[in-house]
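Residues per chain, in single letters:
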Amino acid sequence: MLNPKTIRQLSKILGSDRLKKNVSLASYTTFGIGGPAQLFYEAKTNKEITKAIKTVRKLKIPCFILGGGSNTLIADSGFPGLVTKIESQKIKVKNNTISAEAGVPLSKLVKVAQKYSLSGLECCVGIPGTVGGAVVGNAGAKDQWISQSIKSITILNKNGKIISFKKDYCRFGYRNSFFKKDPSKIILKTIFKLKKENPKIIKEKTRQFLEAKSNQPKEKSAGSIFKNPANDSAGRLIDATGLRGKKVGNAQISPQHANFIINLNKAKAGDVLALIKLAQNSVKEKFGVKLELEIKLIGF
Ligand SMILES: Cc1cc2nc3c(=O)[nH]c(=O)nc-3n(C[C@H](O)[C@H](O)[C@H](O)COP(=O)(O)OP(=O)(O)OC[C@H]3O[C@@H](n4cnc5c(N)ncnc54)[C@H](O)[C@@H]3O)c2cc1C
């Protein structure tokens with residue numbers, strides 16, 4: 001737990017009206033699960049993000065960056081530090097490029113691209129969360145990923161400097177990037193290079209991606225829990241162990257899609273974690289395959 005003096009110092013810099021204490025994180029995640037953040041700050045501009053991050057680093061306060069909370073499971077005990085919720089919302093279109101700050105909802109980015117007849121982001125339709133979270137996890141569908149349309153990224157680095165670089169540095173892979181392994185890199189802005197396209201073609205591509213998502217559960221979840229192993233599907237493997245529909249407390253392996261864990265009603269993070277371990281152990285035992293988490297665990 002943080003000492004009161006440190007909290008006062010942070011409060012002075014971020015503003016006592018803006019720095020909230022003991023905020024339940026459940027409503028900030030699509031799972032609807034998670035205990036309290038000891039401290040919580042909504043950063044609305046890149047300047048505010050930078051100020052918050054530089055200050056917590058100086059004061060040695062643990063910090064977690066939260067986007068849309070759609071790929072994250074937060075512990076029932078919450079987070080003993082500052083949760084910085086990214087709310088920077090600027091988005092600009094220039095010729096075939098879109099520049100989007102990290103807090104822009106992915107759904108808005110997809111809509112803006114459609115409005116300007118720009119193609120390349122159709123695979124992101126229907127994916128919740130923010131641009132920053134999507135870049136970290138290289139979100140996408142089928143064999144198309146957001147990184148395929150990225151031109152450059154601006155970050156706050158671990159030395160507190162704002163730097164921009166081309167996407168080649170980011171080591172994007174299937175649901176992966178160097179951001180995932182290094183949380184000291186905070187994404188501030190992403191520039192997408194897209195292609196002018198006939199609106200009818202964009203509409204049809206978008207429809208196809210949406211259709212592919214129509215079998216996903218509608219209950220509260222964090223999307224796919226595990227990455228698909230090479231040439232296989234995590235859902236198929238879990239299903240084959242007989243765990244489809246398995247419940248622990250109020251969490252359940254979705255009867256509709258075995259790679260989703262759903263929150264039936266006020267499930268605990270501990271319930272979800274128990275199902276995660278059960279699925280991993282069962283798949284390892286039956287197939288010798290180690291299921292790797294796609295979601296991020298916080299506070300465990
Ligand atoms: C119903 C449902 C369907 C989904 N379908 C898909 C799908 O089809 N394809 C897919 O790829 N995903 C899917 N997801 C998962 C999820 O929506 C994506 O991974 C999304 O891109 C996560 O974004 P977020 O802002 O919610 O990230 P969060 O959950 O808030 O954060 C995820 C990680 O990114 C980090 N992070 C967030 N913002 C920043 C930033 N600015 N700088 C540095 N680090 C940051 C966080 O610290 C955390 O480690 C689905 C989820 C749900 C609930």
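Reading the values: the criteria
- Residues numbered from 1 in each chain as written.
- Predicted model: local features only at pLDDT ≥ 70, side-chain atom pairs only at ≥ 80, totals over all residues.
- Heavy atoms only, no water.
- UniProt positions renumbered as here; feature names shortened; annotations may be inferred.
- Helix = DSSP H or I, 4+ residues; strand = E, 2+ residues; numbered from the N terminus.
- Contact = heavy atoms within 4.5 Å.
- Near = heavy atom within 4 Å.
- Polar contact = N/O pair within 3.5 Å; in protein donor to acceptor, adjacent residues only side chain to side chain.
- Areas by Shrake-Rupley, 256 points an atom, 1.4 Å probe, with all protein chains shown as cover.
- Nonpolar A, V, L, I, M, F, W, Y, C, P; charged D, E, K, R; others polar.
- Pairing = 2+ DSSP bridges.
- Axes fitted to C-alpha atoms, helices over the stretch in contact; angles between N-to-C directions.
- Phe/Tyr/Trp six-rings, centres within 6.5 Å; stacked < 30°, edge-to-face > 60°.
- Buried < 20%, exposed > 50% of the residue type's maximum accessible area, 1.4 Å probe, protein only.

Under an unreviewed UniProt entry, the chain has the name UDP-N-acetylenolpyruvoylglucosamine reductase. Note on the chain: under the UniProt heading Function (unreviewed entry), the record states "Cell wall formation." UniProt, in its Cofactor (unreviewed entry) section for the chain, records the words "FAD".

Looking at the element boundaries, Val131 is found in helix 4 (residues 131-136). Beyond its immediate stretch of four places on either side in the chain, Val131 contacts Ala100, Glu101, Ala102, Val104, Leu106, Leu109, Thr190 and Phe192.

Turning our attention to the site of the ligand. Not every one of the 31 residues close to the ligand is listed here, only the nearest: Ile65, Ser70, Thr72, Thr130 and Lys213. The separation between an oxygen atom of the ligand and a polar main-chain atom of Gly69 is 2.8 Å. The fraction of the free accessible surface of the ligand (980 Å²) that becomes covered by protein chains is 92%. Elements that contribute at least two residues to the shell around the ligand include exactly strand 3 (63-66), helix 4 and strand 13 (186-193). Among the elements that line the shell around the ligand, the one with the most residues is helix 4, at 4 residues. Residues that form the shell around the ligand fall into these classes: 12 nonpolar, 15 polar and 4 charged.

Taken in spatial order, the 3 strands line up as 15-16-17 in an open sheet, and their pairing is antiparallel. Edge positions in the open sheet fall to strand 15 (247-248) and strand 17 (261-263), since each of these has one partner strand only. By the bridge criterion, 3 bridges tie strand 16 (residues 251-253) to strand 17 in an arrangement that is antiparallel. Directly across from Ile253, in strand 17, lies its bridge partner Ile261. Across the sheet, helix 8 (residues 269-287) is in contact with strand 15, strand 16 and strand 17; its angle to strand 16 comes to roughly 25 degrees.

A few words now on the UniProt feature "active site" (unreviewed entry) in the chain. According to UniProt, the feature "active site" (unreviewed entry) maps to Arg175, Ser224 and Glu294 in the numbering used here. Despite a sequence span of 120 residues, these residues sit close together in the fold, their greatest C-alpha distance being 10.8 Å. The residue Arg175 is located in the loop between strand 12 (162-166) and helix 5 (178-181) in this model. If we skip the residues at most four places from it in the chain, Arg175 touches Gly137, Asn138, Ala139, Gly140, Ala141, Trp145, Lys180, Lys227 and Glu294. Locating Ser224 in the fold gives a position in the loop between helix 6 (199-212) and helix 7 (234-240). Filtering out sequence-adjacent residues up to four positions away, Ser224 remains in contact with Asn71, Asn259, Phe260, Glu294 and Ile295.

On to the packing of aromatic side chains. One pass over the structure, following the stated rule, counts 5 aromatic pairs. For the pair Tyr28 and Phe40, a centre-to-centre distance of 4.6 Å together with 40 degrees between the ring planes defines the contact as tilted. Residue Tyr28 is found in the loop between strand 1 (20-24) and strand 2 (36-43), and its partner Phe40 is found in strand 2; the two are separated by 12 residues along the sequence. Seen in terms of ring centroids, Phe178 and Phe179 are 4.9 Å apart; in terms of plane orientation they differ by 80 degrees. Their pairing is edge-to-face. Accessibility expressed as a relative area gives 3% for Phe179, which makes it buried.

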